[in-house]
Amino acid sequence: MDQIQPGIFLKGKKLYTKNADPGKKAYNEELIQLNDAEYREWNPYRSKIAAAVKNDIDLGINSDDNVLYLGASSGTTVSHISDILNNGYVFAVEYSQTVARDLVNLAENRDNIVPIIGDARTPDEYSDLVKNVDVVFQDISQKDQAEIFVRNCEKYLEKGDIALLCLKAHSISTTRDENKVFEEVKKKLTKNFELISETRLEPYEKKHLFLKLEPK
Amino acid sequence: MVFLNQEDEIRKKALEQAKEELTSEADQEELMVKAVKYLETLDQEMASRIDKYRDWYSLHFPELEDEILENKEFIKILSKETNKKQIKGFEELAKDSKGKQLREKDHEILMNIAKDIKNNIEASEQLEEYIGNIAEEEMPNLSGILGNVLAAKIVYLAGGLDNLAKKPSSTVQMLGAEKALFRHLREGGKPPKHGILFEHEFVKELPDSKRGKMARFIANKTVMAARLDNFGDKNKVDEYSKEISEKYLELKEE
């Protein structure tokens, strides 16, 4: 088992994080025991951050960072971020109450998840619940995903922090060529960000681009 | 370490807030939209079940199937008796029937199914009443001009009253006709004149060539009513209804 990034382990071809809530599964992932510790498999087909790690993105998330996670959904990926941050918090924002139910259940068992039911379009809405953010990650399938991302990063990040964005071309346009869509969004983002690295998420996700950025 | 404590406090607060939000009383509009979705499925399913049932039953008594075109009436009769010799009120029709004879067990199953469909029809009616009551309460202007159930359906198609209030009326005119609209945009063909608004009595009753005009007019008023219901508190049902019926009479006499 090799630690390839803080809190992220590789064994064979599979990714793992160290289970912060031993004995329990967050969804139906596989658990393995190794050297008195329990690890949870992190499936790149289910989690876009895992897909980015598989495609050689160095996330730059440290174990004592605070992460603002936009588009937390039912908390599949959030649970792994919670594993990675053994000295930090993840502020998980989700709009849909239906999926937020699972997220809240997860947050009850893990003491570094701050569940927020709110609309990421209006970052002011949850400003009293979000503190000292070092990393913003966003995975929201909406047409204005780039604008939502910029608004949140402007509010919660400073220079030197990290902004991670998962872009879904299909949510922006279903007919236009995805490369053109990506170029356009990247151009928009250069006003506010420095591009550090990027990768497509194939073969795990189709027409997705993962960007690692630094606010200017 | 003071740092961590602050975040711990926040987490507790967030958890509490989230739980409170999840367990708060359900939004009436949300309930209505779910009920409309269910009603739609129920009605579609029922239509195709009745269709098959009619085909099945007509083996025995095709004359009745021809005579009673109204589904509800047809099912009501057969839920009491399926044997053509014993159905009351159709003795004359049964005498000359060219349908086949059935055994006892065949009748039994046909009658049970008719009863089951009848129950479903009642459930559908109950559902309509439930939906209509919420629509009347939550969106008085909209349900005033469209009728309760149609108002609820159009809110569902628009994705909520809030969204309906923000849509242009040309979009509202097409709600429910997406398939035809995109076929028109993609392949040419005629553009649709109305979507769900076809269910409005004034659209339905006009000749084909005038339905588009009527639907456009109602769509205008629909959006205005939705905006009143969502953002304002005035009641302009009488004013809008009057304009709509004037337009209807004008088109009818043209």
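Caption draft 1: Spotlight on the overall build of chain A. Each helix and strand counted, chain A has six helices and 12 strands in total. Compactness check: chain A gives a C-alpha radius of gyration of 16 Å against a globular reference of 17 Å for 216 residues, within 12% of the reference. If one aligns the C-alpha atoms of chain A with their principal axes, the spans along those axes are about 50 × 40 × 35 Å. Taken over 216 residues, chain A has a buried fraction of 56%. Surface summary for chain A: the accessible area is close to 9900 Å², and the carbon and sulfur share equals 42%. Across chain A, the 30 positively charged side chains and the 36 negatively charged ones have centroids separated by 6 Å.

Caption draft 2: Quick look at the sheet that holds strand β9 (residues 135-138) of chain A. Residue and element names in this part refer to chain A. Read across the sheet, seven strands follow the order β8-β7-β6-β9-β10-β12-β11 without closing on themselves; strand pairing throughout is mixed. The open sheet terminates on both sides in strands that have one partner only, identified here as β8 (113-117) and β11 (193-200). This sheet shows a mean twist of 15° between the axes of neighbouring strands, independent of strand direction. When strand β6 (residues 67-70) meets β9, the two strands line up parallel, connected through four bridges. From the neighbouring strand, Tyr69 faces β9, where its bridge partner is Phe137.

Caption draft 3: Region of the structure containing the interface of chain A and chain B. Chain A puts 21 residues into the contact, and the matching count from chain B is 15 residues. Roughly 1700 Å² is buried in total at the junction of chain A and chain B, and carbon and sulfur atoms are behind 61% of that figure. Counting the contacts that link chain A with chain B gives two salt bridges. The partner of Glu108(A) in a salt bridge is Lys19(B), and the shortest N-O contact between them spans 2.8 Å.

Caption draft 4: Spotlight on the packing of helix α2 (residues 28-57) of chain B against helix α6 (residues 104-138) of chain B. Residue and element names in this part refer to chain B. Relative orientation of the contacting elements α2 and α6 amounts to 155°, with a least axis distance of 9 Å. The angle between α2 and α6 falls in the class roughly antiparallel. Once α2 is placed against α6, the crossing between them reads as left-handed. Here the residues of the contact of α2 with α6 sort into 25 nonpolar, three polar and five charged.

Caption draft 5: Molecular detail of the packing of aromatic side chains. In the structure shown here, the tally under the stated rule is 10 aromatic pairs over all chains. Aromatic side chains Tyr69(A) and Phe137(A) sit 4.9 Å apart centroid to centroid with 70° between the ring planes, which places their arrangement in the edge-to-face category. Of this pair, Tyr69(A) sits in strand β6 while Phe137(A) sits in strand β9, and the two are 68 residues apart along the sequence. Per residue, the accessibility class of Tyr69(A) equals that of Phe137(A), and both read buried. Between Phe202(B) and Tyr248(B), the aromatic rings sit 4.2 Å apart at their centres with planes inclined by 10°, giving stacked as the arrangement. On the criterion of sequence distance, the pair formed by Phe202(B) in helix α12 (residues 201-204) and Tyr248(B) in helix α14 (residues 237-253) is long-range, its members being 46 residues apart.

Caption draft 6: Here's a closer look at the pairing of strand β2 (residues 8-11) of chain A. All names here are of chain A. Bridge analysis of strand β1 (residues 2-5) against β2 gives three bridges, and the strand direction is antiparallel. Of the residues in β2, the one forming a bridge with Gln5 is Ile8. In this structure, the hairpin formed by β1 and β2 is closed by a connection of two residues, where Gly7 is found at a positive phi of approximately 80°. Counting the residues between successive antiparallel strands, the hairpin from β2 to strand β3 (residues 14-18) contains two residues, one of them, Gly12, with a positive phi of roughly 65°.

Caption draft 7: Here's a closer look at the sheet that holds β1(A). Residues and elements named next belong to chain A. Taken together, the five strands give an open sheet; going across it, the order is β1-β2-β3-β5-β4, and neighbouring strands pair in antiparallel fashion. At either end of the open sheet lies a strand with only one pairing partner, and these are β1 and β4 (31-34). Each neighbouring strand pair of the sheet contributes to a mean axis angle of 45°, computed without reference to strand direction. The sheet contact formed by β2 and β3 spans four bridges and is antiparallel. Residue pairing across strands places Ile8 opposite Thr17, the latter belonging to β3. In this fold helix α2 (residues 76-84) packs onto β2, β3 and β5 (37-42), with an angle of close to 145° to the strand it touches most, β5.

Caption draft 8: Looking closely at a negative patch on the surface. Residue and element names in this part refer to chain B. Taken together, the side chains of Asp27, Glu30, Glu136, Glu137 and Glu138 define an acidic patch exposed on the protein surface. Per-element accounting of the negative patch gives the leading share, three residues, to α6. Tracing the backbone shows Glu30 in helix α2.

Caption draft 9: Highlighting empty space enclosed by the protein. Residue and element names in this part refer to chain A. Summed over the entire model, instances satisfying the criterion amount to one cavity of 30 Å³ or more. Of the voids in this model, the largest cavity is the one considered here, and its volume is about 30 Å³. In terms of lining, the largest cavity is formed by Ala169, His170, Ser173, Thr174, Arg176, Asp177, Glu178 and Lys207.

Caption draft 10: How the structure looks around a nonpolar patch on the surface. Residue and element names in this part refer to chain B. Taken together, Trp56, Leu59 and Ile109 make up a surface patch of nonpolar side chains, about 290 Å² in accessible area. Mapped onto the fold, Ile109 is located in helix α6. Judged by relative accessible area, Ile109 falls into the partly exposed class, the value being 42%.

Caption draft 11: The side chain of Ser97(B), seen in detail. Residues and elements named next belong to chain B. Within the element layout of this structure, Ser97 appears in the loop between α5 (91-95) and α6. The buried category is assigned to Ser97, whose relative accessible area is 16%. Only 3.0 Å separates the side chain of Ser97 from the side chain of Lys84, close enough to count as a polar contact. Discounting chain neighbours no more than four positions away, the residues touching Ser97 are His60, Phe61, Pro62, Glu63 and Lys84.

Caption draft 12: Structural view of the pairing of strand β12 (residues 208-215) of chain A. Residue and element names in this part refer to chain A. β12 sits mainly inside the fold: seven of its eight residues count as buried. Of the pairings in the sheet, the one linking β11 to β12 comprises seven bridges and is antiparallel in character. Across the sheet, the residue bridging to Glu194 is Glu214, located in β12.

So, how was this worked out
Residues numbered from 1 in each chain as written. Chains lettered and ligands numbered in written order. Predicted model: local features only at pLDDT ≥ 70, side-chain atom pairs only at ≥ 80, totals over all residues. Heavy atoms only, no water. Helix = DSSP H or I, 4+ residues; strand = E, 2+ residues; numbered from the N terminus. Rg over C-alpha atoms; globule rule 2.2 N^0.38 Å. Buried < 20%, exposed > 50% of the residue type's maximum accessible area, 1.4 Å probe, protein only. Areas by Shrake-Rupley, 256 points an atom, 1.4 Å probe, with all protein chains shown as cover. Lys, Arg positive; Asp, Glu negative; His and termini not counted. Charge placed at Lys NZ, Arg CZ, Asp CG, Glu CD. Pairing = 2+ DSSP bridges. Axes fitted to C-alpha atoms, helices over the stretch in contact; angles between N-to-C directions. Contact = heavy atoms within 4.5 Å. Buried area = accessible area lost by both parts, 1.4 Å probe. Salt bridge = Lys/Arg side-chain N within 4 Å of Asp/Glu carboxyl O. Parallel < 35°, antiparallel > 145°, perpendicular 65-115°, else oblique. Left-handed = near helix turned anticlockwise from the far one by under 90°. Nonpolar A, V, L, I, M, F, W, Y, C, P; charged D, E, K, R; others polar. Phe/Tyr/Trp six-rings, centres within 6.5 Å; stacked < 30°, edge-to-face > 60°. Patch = residues over 30% accessible without salt bridge, like charges linked within 9 Å, V, L, I, M, F, W, Y side chains within 5 Å. 1 Å grid on protein atoms, 1.4 Å probe; cavity = no way out; pocket = protein on both sides within 12 Å on 5 of 7 lines; lining within 4 Å. Points joined across faces, edges and corners; volume = space filled by probe spheres on them. Polar contact = N/O pair within 3.5 Å; in protein donor to acceptor, adjacent residues only side chain to side chain.

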